[in-house]
Amino acid sequence: MQDFKVKLSHILSEKAKELYPEHEISGDDILSMLEYPPDTSMGDVALPCFKLSRTLRAAPPAIAAAFAGTDFDPALCTVSAAGGYLNFKVSGTYLGNDVLKEIENAGEKYGSSHIGDGKTVCLDYASPNIAKPFHIGHLGTTVIGHSLKKLHEFAGYKCIGINHLGDWGTQFGKLIVAYRLWGSKEEIENGGIDSLVALYVKFHAEAENDPSLDQKARDEFKKLEEHDPDNTALWKWFIDLSLREYEKTFKQLDITFDSYAGESFYSDKMPEQVQILRDKGLLKIDDGASIVDLSKYNMPPCLILKKDGSTLYPTRDIAAAVYRKRTYNFDKCIYVTSNGQSLHFAQWFKVVELMGYDWADELVHVPYGTVSIDGKKLSTRTGNVVLLKDLFAQAIDKVSALIEEKNPNLENRDEVAEAVGVGAVVFHYLYNSRIKDINFVMEDALSFDGSTGPYAQYTYARTCSILSKAGGVPKGGKAVITADEEADVLKTLAKFPERVSAALADYEPSVVTRYIIELCTAFNRFYHACPIIGADDVDVKNTRLRITAACNTVIKTALGLICLRAPEKI
Ligand code: ARG
């Protein structure tokens, strides 16, 4: 709509000269005042006249009425005054020329912006705990995190994606003890994470009867912290095995990270921070442990060192934040985890602030709702989990069967089945606002009807097929809009840049997911109502092809922003 706004602001500035000759208002001034009304039934663009009332020395409703009383070219827009607002409805024909030209010029950059130019954002997401399976509880952090990375990149930010692996802590002591008591090398090599989990579960079961095991585990972790070579070798092996499995899932999602610096990476970076805490008098000893008292801020204390001097999750996060600030000089550092960790982040963000780091307010926690299965909490120990690899495999199988039935000669069948199967699960997840708790139901995640990933990808493939049948799309020329369905698609296309900025501002990929459905629905309505290649008039046909090409561009871009691929044929 940018072209329309520029044109409109010139017209309004000319009209202002006639209506209020004693004052000067430039087109640029007006351009900066124009807004998109939240409810488009009022208009497509609005001028809030209170912004002019000081300069023009008149009440906003009087200004709105004065402008609305003048003639506007109906080929451009219609105008109405509502209180202190002037509302403009853009004509279909103008919109066609404006939006199509904008999309044709910008291509896959349509909807992007420059607000992040020159700025750096670190995004900490996925971050599974080593030796634990990657399950649906991790889907949120992974896909919300990656989508936020794409949204930031689209807005010009330089992004550093960090997989803050949970590769440090007492659980490694437990695994080492369990492995030495009950494990075998061969079994673990073959069984991978599943065997490690089995050992972990056994450890907990045995520790119920034999509490000395817990002390042994703490001792082994302490030895690991002191670089004991045997424990270090075992620990590295657990990490390698786990990463090998995680990588398969990340690959299916097309996700790569810029850094895999996990919690262990900060081992030698913590003492400096602990010393600063001590020097600033922030550390208190409580039952032998070192804590930062946060009662003034209505929060429980932040634990820094255990009784035995070993470090904790918050200690590592503090050291990691300082390291990232020094290494990347971020303007923002974003952490995506379930809302179960909100208190943890609030606590250590506060500690960073108390330490005097003036960038504490650049740390952002982006929480998402908790996932449960059948209303019950996920638990690796009791087996109440759905592994992502299994979920993806089921989705891919379902798509493969459909392709077999409907399009058996499709090229790259496996690739397409993966893109659509994995995409269905991701789309389903990102459709709801992130903070909503989710009760996971397998059939819903694998449903392809209604507002789903497969529907969006299928619509994209439909645009590809029309464009390839047409054998070329005219660019430019005069758009001729003859149907409401065409105007609706154009208006939906025009909304894309705003939706992208809203998704970014609220850290909310679902805004894009829902937009995709809105656009696909508008496109399919247009497709059913208006013959495209078969249109009689050549200008009408060209316009419809241009609309199809614009949808093709925008659906693909939008799918990419929420981590979905866009196969050209399904
Ligand atoms: N490993 C943690 C978990 O699985 C998530 C880590 C989130 N990032 C962070 N910097 N604390 O719960």
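Use the structure listed above.
All figures in this text were calculated on a predicted structure; none of them were measured in a lab.

Asker: Mind showing me how you'd approach the overall build of the chain here?
Answerer: The helix and strand inventory of the chain stands at 21 helices and 13 strands. Expressed as lengths along the three principal axes of its C-alpha atoms, the size of the chain is roughly 85 × 65 × 40 Å. The buried share among the 570 residues of the chain stands at 53%. Look at the contacts in the chain between residues 6 or more apart in sequence, and 75% of them connect residues 24 or more apart. Accessible surface for the chain amounts to roughly 25300 Å². Of this, 50% is attributable to carbon and sulfur atoms. Here the chain contributes 64 positively and 78 negatively charged side chains, and the mean placements of these two sets differ by 1 Å.

Asker: Looking at this structure, I do not really get the pairing of strand β9 (residues 332-338). What am I missing?
Answerer: Consecutive side chains of a regular strand alternate in pointing toward one face of the sheet and then the other. Here β9 lies mainly inside the structure; six of its seven residues are buried. Pairing between strand β4 (residues 120-124) and β9: four bridges, direction parallel. Opposite Asp124, over in β9, you have Tyr335 as the bridge partner. When β9 meets strand β10 (residues 363-368), the two strands line up parallel, connected through six bridges.

Asker: Looking at this structure, how should I read the sheet that holds strand β6 (residues 283-286)?
Answerer: Within a sheet, neighbouring strands are paired by backbone hydrogen bonds and run either parallel or antiparallel to one another. Read across the open sheet, the three strands follow the order β6-β7-β8; overall the sheet is antiparallel. A single partner strand is all that each edge strand has here, and the edge strands are β6 and β8 (302-305). The average angle at which neighbouring strand axes cross in this sheet is 45°, direction not considered. Pairing of strand β7 (residues 289-292) with β8, which is carried by three bridges, proceeds in the antiparallel orientation. Directly across from Ser290, in β8, lies its bridge partner Leu305. Against the sheet, helix α12 (residues 270-279) makes contact with β6, β7 and β8, and its axis sits at roughly 115° relative to β8, the strand it touches most.

Asker: Would you take a moment to explain the pairing of strand β1 (residues 45-48) for this structure?
Answerer: Alternating positions in β1 separate into two faces, Val45 and Leu47 on one and Ala46 and Pro48 on the other, with burial throughout. As judged from the four bridges shared by β1 and strand β3 (residues 85-90), these two strands associate in the antiparallel manner. The partner of Val45 across the bridge, within β3, is Phe88.

Asker: Sorry, what's going on with the site of the ligand here?
Answerer: Surveying the vicinity of the ligand reveals the residues Asp124, Ser127, Asn129, His164, Tyr313, Asp317, Tyr335, Thr337, Gln341 and Phe345. Contact between the ligand and Asn129: a nitrogen atom at 2.7 Å from a side-chain N or O atom of the residue. Interatomic distance of 2.7 Å between a side-chain N/O atom of Asp317 and a nitrogen atom of the ligand. Here the ligand, which alone exposes 350 Å², has 88% of that area covered by the protein. When each cavity is represented as a set of grid points, the ligand is found to reside in the largest pocket. Listing elements by their share of the shell around the ligand, those giving two or more residues are α13 (313-328) and β9. Each residue belonging to the shell around the ligand can be placed in one class, and the counts come to three nonpolar, five polar and two charged.

The rules behind these values
Residues numbered from 1 in each chain as written. Predicted model: local features only at pLDDT ≥ 70, side-chain atom pairs only at ≥ 80, totals over all residues. Heavy atoms only, no water. Helix = DSSP H or I, 4+ residues; strand = E, 2+ residues; numbered from the N terminus. Buried < 20%, exposed > 50% of the residue type's maximum accessible area, 1.4 Å probe, protein only. Contact = heavy atoms within 4.5 Å. Areas by Shrake-Rupley, 256 points an atom, 1.4 Å probe, with all protein chains shown as cover. Lys, Arg positive; Asp, Glu negative; His and termini not counted. Charge placed at Lys NZ, Arg CZ, Asp CG, Glu CD. Pairing = 2+ DSSP bridges. Axes fitted to C-alpha atoms, helices over the stretch in contact; angles between N-to-C directions. Near = heavy atom within 4 Å. Polar contact = N/O pair within 3.5 Å; in protein donor to acceptor, adjacent residues only side chain to side chain. 1 Å grid on protein atoms, 1.4 Å probe; cavity = no way out; pocket = protein on both sides within 12 Å on 5 of 7 lines; lining within 4 Å. Sits in = over half its atoms within 2 Å of the grid points. Nonpolar A, V, L, I, M, F, W, Y, C, P; charged D, E, K, R; others polar.

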